[in-house]
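Observations on the three-dimensional arrangement
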Amino acid sequence: MATKATKAAASTKGAAASTTAGAADYDAIVVGGGHNGLVAAAYLARSGARTLVLEARNKTGGAATTEAPWPGAPDFNVTRLSYVMSLLPPTIINDLQLAEHGYKIFPMGPYYQAFPEGGSIKLYADDAKRNHQEVSRWSKKDADAMPRWDAWLAGLAEVLGPLLLTVPPNLGSHQPKDLKETLRLAWRHKNLNVRTIADVTRLMTMSIADLLDDWFESPQVKGALAVNGVIGTWAGPYEPGTAYVMAHHSIGDVGDGHLGNWGFQEGGMGAVADAIAAAARENGAEIRTGAKVRQILLKNGRAQGVILDTGQQLTAKVVVTSLHPRTAFLDHVGREHLPDDFAKDIEHWKTRSGVVKINLALAELPDFTADPGTSLAEHHTGSVEMAPTMPYIERAFTDAREGRPAAKPFSDGVIPTAFDKTLCPDGYHIMSLFTQWVPADWNQQPHTEELQAYADRMIDCYNEVAPNFKSSILHRDIVGPYEMEHDYGLIGGNIFHGELSLEQLFHMRPAPGFADYRTPVPGLYYASSATHAGGGVCGIPGMQAARAAIADRKAARAGRAARAGRAGQAGRAARRRGGRRS
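Each value, and the rule that gives it
- Residues numbered from 1 in each chain as written.
- Predicted model: local features only at pLDDT ≥ 70, side-chain atom pairs only at ≥ 80, totals over all residues.
- Heavy atoms only, no water.
- Helix = DSSP H or I, 4+ residues; strand = E, 2+ residues; numbered from the N terminus.
- Buried < 20%, exposed > 50% of the residue type's maximum accessible area, 1.4 Å probe, protein only.
- Contact = heavy atoms within 4.5 Å.
- Areas by Shrake-Rupley, 256 points an atom, 1.4 Å probe, with all protein chains shown as cover.
- Pairing = 2+ DSSP bridges.
- Axes fitted to C-alpha atoms, helices over the stretch in contact; angles between N-to-C directions.
- Phe/Tyr/Trp six-rings, centres within 6.5 Å; stacked < 30°, edge-to-face > 60°.
- Lys, Arg positive; Asp, Glu negative; His and termini not counted.
- Salt bridge = Lys/Arg side-chain N within 4 Å of Asp/Glu carboxyl O.

This brings us to the overall build of the protein chain. Each helix and strand counted, the protein chain has 18 helices and 18 strands in total. Per-residue burial over the protein chain gives 56% buried out of 582 residues. Taking contacts inside the protein chain between residues at least 6 apart in sequence as the whole, the part at least 24 apart equals 71%. Roughly 23,600 Å² of accessible area belongs to the protein chain as shown, and the carbon and sulfur atoms make up 52% of that amount.

Spatial strand order, β7-β6-β14-β15-β16-β13-β17: seven strands in an open sheet with mixed pairing. Looking at strand neighbours, the two that pair on one side only are β7 (120-123) and β17 (473-479), the edges of this open sheet. Strand-to-strand twist across the sheet, computed as the mean angle between neighbouring axes with direction ignored, equals 20°. Bridge analysis of strand β15 (residues 410-414) against strand β16 (residues 429-436) gives five bridges, and the strand direction is antiparallel. For Asp412, the partnering residue across the bridge sits in β16 and is Phe434. Along the sheet face, helix α15 (residues 448-465) touches β6 (111-114), β13 (355-362), β14 (383-386), β15, β16 and β17 and points at about 130° away from the line of β17.

Once that is clear, we can look at the environment of Ala549. Following the sequence through the fold, Ala549 ends up in helix α18 (residues 540-581). Along the primary structure Ala549 and Leu44 are separated by 505 residues, whereas in three dimensions their C-alpha atoms are 8.3 Å apart. Not counting residues within four places of it along the chain, the set of residues in contact with Ala549 comprises Leu44, Val318 and Tyr525.

Moving on, we come to the packing of aromatic side chains. Two aromatic rings are characterised by how far apart their centres lie and by the angle between their planes. All told, the structure shown has 18 aromatic pairs when counted by the stated rule. When the ring of Phe106 is compared with that of Phe419, the centres are 5.9 Å apart and the planes differ by 10°; the resulting orientation is stacked. Of this pair, Phe106 sits in strand β5 (residues 105-107) while Phe419 sits in the loop between β15 and β16; the two residues are 313 residues apart in sequence, bridging distant segments of the chain. On the basis of relative accessible area, Phe106 is assigned to the buried category, the value being 17%. The class for Phe419 is partly exposed, based on a relative accessible area of 28%. Taken together through their ring pairs, the aromatic side chains of Trp149, Trp152, Trp215 and Phe216 make up a single cluster.

For Glu117, the location among the structural elements is in the loop between β6 and β7. Sequence separation between Glu117 and Ala370 is 253 residues; the distance between their C-alpha atoms is 9.7 Å.

Along the chain, Asp412 turns up in strand β15. An unpaired buried charge is present at Asp412: no salt bridge exists, and Lys357, the closest side chain of opposite charge, is 9.5 Å distant. In this structure, Asp412 is in contact with Tyr83, Val227, Ile231, Ser383, Val384, Glu385, Ser432, Leu433 and Phe434, ignoring residues within four places of it in sequence.

A side chain of one charge can pair with a side chain of the opposite charge when the charged atoms of the two come close. Applying the stated criterion across every chain yields a total of 28 salt bridges. Between Arg202 and Asp214 there is a salt bridge; the shortest N-O distance is 2.6 Å. In this pair, Arg202 is assigned in helix α7 (residues 194-205) and Asp214 in helix α8 (residues 208-215), connecting sequence segments twelve residues apart. On the accessibility criterion, Arg202 (28% relative accessible area) is partly exposed. When its relative accessible area of 48% is taken as the criterion, Asp214 is described as partly exposed. The closest approach of N and O atoms between Asp516 and Arg518, which form a salt bridge, is 3.3 Å. Here the salt bridges share partners, and the residues they tie into one network are Arg57, Glu67, Arg80, Asp477 and Glu483.

This is how it looks when you write it as structure tokens:
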């Protein structure tokens, strides 16, 4: 029978205490079946833990999802939110043997921008000679600067790349363990010179516009290179910190060894999640869909499992949550069960977006005036941008910041069916437009009619440089911030679970003192993209949260064994003393 104390704890708002006696149902429960939750589950199961994944939607993947959004055209599939791969590290690919579970990437072709005034530019991830030729059409000076730019980025990647897999130290803490980790990080970078440190400092604080102005003169070249500085970000190219956003998206590869390469997953981004889920299941994890978590189950301040929307309680020794920080902590744990400073940090977490995803089914490929033809050509195989200049991009952001959707939106477009023939019938194509911006508060209402008008304007922008574009569209699917938040759990419509702004990076992600994938609640670990390295389908938060949980369990077992050993020694010594007295 439950005690009065147990009953009182069970009625506490925001959490509940388990009244279940005996062993836990699972060793680990993972809340959220997005790619990070699945990675965490795969590593936990791989360690031997009995692991359960709980996903609220009827399918796993979260934002990494392949869907058929048109009931009348079920053979047309789109990568509905996330749309390209880059930052998933070889560590995860190899540890989970993802290639054996269907992970197959087609490296993308060049960045391509056709200009309304005529002409176009292509930029390649790994072909300096062709880049020089392309950029020379707009500026000989900029063409000569490109090799130096590429070398500069490569140098920064040598510093920033390893940091993606680094657990941020608890800067400012005087605890011996935290001081040791801080010193270890400093020692690892002991060979950095004054110039490199200055470059990193400038990168973290500058706007992408100011950075590119230091290197290039051509508006066309700067527009093409500015794209990665604003993608998925509530900031225009003139905002400080966007230079780092560019670097964050430029230091990965897709397993082919080429810095900054991006790629298409065969079967769409949902196939990435499917591969990770298959790896988790092969290692013994159980995955349930349609299982929405209402609360984290607490007992004596420690996470002990979850309560589902149905009221069912499931207990576990460890809980890992991969949801947005406001959902994970303020809703599922409850502010009253969190330290005040931590709760305030989560309440103030910036998660604006202004992103609208537009998915299109096309009867034929775009026929660009600058590069004519509807037959598959190289410029169809990469990112097909609508970002002709930095002032164009800035104008789109200014519109949204002033409370109206962009008159001429910015777009990072791709045509995955240039390689992937599994997404739609032969002879047709899918085009994915990741567009920006609408006002930040459009996550609060559907704005259906206004989104239709916004999509019309976006399509008109492409139609200006490819006159067959509008007439080639068979179906269109528009996903705004409201749907991203209410259907996918992306608060604010932010695909990164939080802005990649300077005050929300590294040891500040998601809150000072809690960037090591642990939380203020013992037994609860955090694997969201709101942690360090999050932003993009990288899986690093899931891996690191699982590693933290596994390490803590091992340390706890070692501690218990040591205490038992000491107790046994003390008992034997006492018996020997008693024997001598007798």
